[in-house]
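Residue-level structural notes
Residue strings, one per chain:
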Amino acid sequence: MSVRHSTGIPELDQLLGGGLIPGTLTVILGATGIGKTQLGIQFADAGIHQEGAPGCIADLTTRGDSQNHLAYAARMRDWQLKTTDSAEENQSGENLLYGAKVFLHLEDRAQYLNLLEMTGRRVTRESTTAEEWQDWKAEWNHRLERAIAFFYRNFVGGTRRCVIDGIEPAARSADSQQFEMFSYIYHQVLRKDHDWLARDLFRIRYRELEPLVMQHAYETSQISCVLLATSHEVMLEDLIRRPIATGDELSNANTIILMGKIHEGTRMSRALYVAKHRGSPCEESIVPYTITESGLKLHPSC
């Protein structure tokens, strides 16, 4: 079996039988402010020590309020996340998305992408008109190349783990544009063979660049994905009772970690529960945790 990908939290790795299984999807589900983004940062940062390259982070939020990825990374791990910008994508007049420059200066590649940047945009079918829903699809198609270039450049640079954040609550994943976008990224980018993804990126220039593509081959079976999704439920017990609809991302995930509030006497605290983990025996306990300056700290003996 492949070496497990550490979550960056030793106690959580122990609960998971050593960590997350490469090549699989993990969904972390919980209410706003429960600590999902901090956990995602710890997982991405752990790649520096385990694979020699940090994870990459794509933010699909449209709310306008910051997810604080850059601040969390700097404060918790002393990690200065590099972000995408137009200067990187158009160096020397040649668009980085299409040319050999994709393979240059990989040590300086962006590790963070805010893919949507649509302040206050509504994301569910029930909250949008038919015209707005179609506008969403058009906007996504416009930004798809940028997403492909971001992930491909990270993977050829040695990244083997990615975090996708900012997914807002929806009654069904089929009614969310964000889930639709995630599904495309997961199946048509993260899980696509490296040379076929390069074809999608380079298109008519693929044959010209094929030698470089083969020099930078990578195995998609070694790439882990963590999806951070916000729930309506705040209490952990409500999350545990939540039904999983056939076909949604939770049913397809290899691992599901639920994060929520619990009662402890007269006070509230945070706890997580591993609801699903294929591939190894998993501890069934509800585990309290605190959020410290360096990230999540589990207290399995509490």
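Refer to the structure presented above.
The structure displayed is predicted, hence computed values, not measured ones. (Residues numbered from 1 in each chain as written. Predicted model: local features only at pLDDT ≥ 70, side-chain atom pairs only at ≥ 80, totals over all residues. Heavy atoms only, no water.)

Let us now look at the nonpolar core. Grouped together as the largest cluster of nonpolar side chains are 54 residues, with contacts concentrated most on F151, Y152, I164, L190 and F202. The dominant element in this core, judged by the number of residues it contributes, is helix 5 (residues 130-156), at 10 residues. Counting 29 residues, the second largest nonpolar core, distinct from the first, contains L16, M259, L296 and L298. (Core = buried A, V, L, I, M, F, W, Y, C linked by side-chain atoms within 4.5 Å. Buried < 20%, exposed > 50% of the residue type's maximum accessible area, 1.4 Å probe, protein only. Helix = DSSP H or I, 4+ residues; strand = E, 2+ residues; numbered from the N terminus.)

Viewed as axis vectors pointing N to C, helix 2 (residues 36-50) and helix 3 (residues 69-77) meet at an angle of 60 degrees, and their least axial separation amounts to 10 Å. Crossing of helix 2 over helix 3 shows right-handed handedness. Here T37, Q38, I41, Q42 and D45 of helix 2 come into contact with helix 3, specifically with H69, Y72, A73, M76 and R77. Considered class by class, the residues forming the contact of helix 2 with helix 3 number four nonpolar, four polar and two charged. (Axes fitted to C-alpha atoms, helices over the stretch in contact; angles between N-to-C directions. Left-handed = near helix turned anticlockwise from the far one by under 90°. Contact = heavy atoms within 4.5 Å. Nonpolar A, V, L, I, M, F, W, Y, C, P; charged D, E, K, R; others polar.)

We now examine the pairing of strand 4 (residues 161-167). The element strand 4 is largely enclosed, with a buried count of seven among its seven residues. Bridging between strand 2 (residues 56-59) and strand 4 involves four bridges; their strand directions are parallel. Looking across to strand 4, one finds that A58 is bridged to I164. (Pairing = 2+ DSSP bridges.)

This part covers the environment of T230. Looking at where T230 falls in the secondary structure, it is placed in strand 5 (residues 224-230). For T230, a relative accessible area of 14% puts it in the buried group. T230 sits 201 residues away from L29 along the chain, and the two C-alpha atoms are 5.8 Å apart. For T230, the contacting residues outside a window of four places in its chain are L29, G30, A31, T32, K36, I167, E168 and P169.

These figures capture arrangement, not role.
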